[in-house]
Amino acid sequence: MSDAAHTNSRPVAFRGGGFAPKQRRGMGVLVFVLLILLAEWGTRSGFISNLTLPRPSDVAMTFVELWQSGMLFKHLAPSLSRLAVGATLGALVGVGVGVMIGLFSYVRAGLVPLVAALFPIPKIALLPLFVIWFGIDEGSKYALIAFGTFTPTVVATYAAVDNVDRGLIRMGQSFGLSWWSIVRKIVLPGAMPGILSGLRISLAIAIILLVAAEMLGAEYGIGAYILEAGSLYDLERLFAGVVILSVLGVCVSAVIAAIETRVLRWRV
Amino acid sequence: MDLRLAGVSHTYGETEVLRDINLDIPSGQIVCIVGPSGCGKSTLLRMLGGLEQPTSGQVLQLGTPPAGCLNPLTYVFQDFALLPWRSVRGNVALVLEDHGLDAAARAQIIDDVLARTKLTEFADALPKQLSGGMKQRVAIARALAVNPAVMLMDEPLSALDSQTRELLMDDLISLWTRQPFTAVYVTHNLAEAVRLGHRIVVLSRRPGQIREVVELTTPLAERAYGDAALEAQQQHLWGLMREEAAAADAELIHV
């Protein structure tokens, strides 16, 4: 069977492409830039009325003003400290309780139904209660953010502990490692990927609750700033506030991504 | 230190897995346990190391483990069971950390076992960077580090391709020749059994009972790949196991 015998030879068509996401640098930024340019062009040409959408350049101007007047940091500082304290508290307690649920059958039997009952409560509905419990000042805001961060962290953590390879735990036992060593050197590192991906969600929820708490009673803070702008129908300032929140979200996500690449270097 | 199984039987719920197993594991020898799939050979090994309790009967430790033995009964697992977040060195270090050794003593043990398993230059690699054969060598190094009285090997070469398996068998033989160790080696591969075993215990299908114990007298170092005498032994074992294996296979289909 030589080539000559088959006059109608042709290459086999390739059909194995696609379905494999690749990294495409700059696409994310491009989409942002295009949307902003579209809004700028629309508002300038009158295609989009100024009542529906503020002009991006005006929002930028407002932002610069905010920066120059020093008000940016007056609003940002209390917000960031509330977020830091509340989210840290909620995440720490959440990881702790989640690990306990993962390790002890009694704790699991006792707390899983409780967590299931707490999870769907819109935490913001409890703010009046928190104000009475923890005071009108920072305490109630910390508590609200901590509580909102706590529930998703617990669920992610105990699921992550459940997913640690039992074979590795048996290995630890077979080498006579102490219980504490097994928890510290096998269970916790093994649960780390799940805990970190849970934290991504918890921290996004923390930002949402931060704004909610500040809208309900704060003199300074991004939430208060947005609420004030909204009630005056000052769209430029409203959008400037929203942009700050988005940037905050992107930063938090970037921090977790950085932690992941550092801590989870071993992942295949 | 010897191990003895005395009248060991085991059931999982309704299923009887092992029936009246009596077996001695003398020190300095490699005892291979072969049998059709599902005959309870891995269960038997888990009992030997105290990871599972028999329904009836006893697992006895005869004599005391030699001095300097950190973990008398030490496993080598089929799936290697390496911590993916620790380097080769870190994985070996893990099993030494709970024994109150100072850092210098630990480092000395680690360097020694890595050299014996020819892993010195890979000390800082992560498991994901290693091939299957290398991973199992790390697991063997880890087992050697605690200076075990008995090594319990659960199909240690079954996850590897056949070339790697040959290489690792050679490694195990040279390790044993240089410093004889006691081992219980569970496998379904008869070629491995006749290469590595001083005694080969043939189990029947479920419920597992001892069908025959074959003693091999040829020294390990003289058993080569494709040896005619070994081939004959392997034929004999296959003769014993063939019907059992076929029956065990059919059993699964009928379930």
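Computed from a predicted model, the values in this text were never measured in an experiment. (Residues numbered from 1 in each chain as written. Chains lettered and ligands numbered in written order. Predicted model: local features only at pLDDT ≥ 70, side-chain atom pairs only at ≥ 80, totals over all residues.)

## A look at the UniProt feature "domain: ABC transmembrane type-1" (unreviewed entry) in chain A
The UniProt record marks residues 76-256 of chain A with the feature "domain: ABC transmembrane type-1" (unreviewed entry), using the residue numbering of this structure. Span residues 76-256 of chain A is 85% helix and 0% strand, its end C-alpha atoms 21 Å apart. (UniProt positions renumbered as here; feature names shortened; annotations may be inferred. Helix = DSSP H or I, 4+ residues; strand = E, 2+ residues; numbered from the N terminus.)

## Quick look at the packing of helix α8 (residues 179-216) of chain A against helix α10 (residues 235-263) of chain A
All names here are of chain A. For the pair α8 and α10, the least separation of the axes is 10 Å and the interaxial angle reads 165°. The orientation of α8 relative to α10 falls into the category roughly antiparallel. Where α8 crosses over α10, the two elements pack in a sense that is right-handed. Here Met192, Leu196, Leu199, Arg200, Leu203, Ala204, Ile207 and Val211 of α8 lie close against α10, whose contacting residues are Leu245, Leu248, Gly249, Val252, Ser253, Ile256, Ile259, Glu260 and Val263. (Axes fitted to C-alpha atoms, helices over the stretch in contact; angles between N-to-C directions. Parallel < 35°, antiparallel > 145°, perpendicular 65-115°, else oblique. Left-handed = near helix turned anticlockwise from the far one by under 90°. Contact = placed C-beta atoms within 7 Å.)

## Thoughts on unusual backbone geometry
Phi angles above zero are rare outside glycine, and Phe19(A) is one such case at about 55°. Tracing the chain through its elements places Phe19(A) in the segment before α1 (27-45). What makes Phe19(A) exposed here is the crowd of 5 C-beta atoms within 10 Å. Positive phi outside glycine occurs at Lys118(B), with the angle close to 60°. Inspection of the secondary structure puts Lys118(B) in the loop between α3 (103-116) and α4 (132-145). By the C-beta count within 10 Å, which is 12 here, Lys118(B) ends up exposed. (Buried ≥ 20, exposed ≤ 12 C-beta atoms within 10 Å, placed from the backbone.)

## Overview of the packing of helix α2 (residues 56-68) of chain A against α10(A)
Residues and elements named next belong to chain A. Look at α2 against α10: their axes get within 8 Å of each other, and the N-to-C directions meet at 75°. In terms of axis orientation, α2 runs roughly perpendicular to α10. On the side of α2, the interface is formed by Asp58, Val59, Thr62, Phe63 and Leu66, while α10 contributes Glu236, Arg237, Phe239, Ala240 and Val243. Here the residues of the contact of α2 with α10 sort into six nonpolar, one polar and three charged. (Nonpolar A, V, L, I, M, F, W, Y, C, P; charged D, E, K, R; others polar.)

## As for the nonpolar core
Counting 76 residues, the largest nonpolar core has Cys32(B), Ala145(B) and Val184(B) as its most contacted members. At eight residues, the largest contribution of residues to this core is made by α4(B). Here Val184(B) is in contact with Ile25(B), Val31(B), Ile33(B), Leu45(B), Leu48(B), Val150(B), Leu152(B) and Met153(B), once residues within four sequence places are set aside. By size, the runner-up hydrophobic cluster in this structure holds 43 residues, among which are Leu66(A), Ala91(A), Phe150(A) and Ala240(A). (Core = buried A, V, L, I, M, F, W, Y, C linked by C-beta atoms within 7 Å.)

## Considerations on the sheet that holds strand β4 (residues 56-62) of chain B
Residue and element names in this part refer to chain B. In space, the three strands of this open sheet follow the order β2-β1-β4, with antiparallel pairing throughout. The open sheet has two edge strands, β2 (15-25) and β4, and neither has a second partner. Recorded for the sheet is a direction-independent mean angle of 15° between the axes of neighbouring strands. Examined bridge by bridge, strand β1 (residues 2-12) and β2 share seven bridges and lie antiparallel to one another. Bridging from a neighbouring strand, histidine 10 pairs with leucine 18 of β2. (Pairing = 2+ DSSP bridges.)

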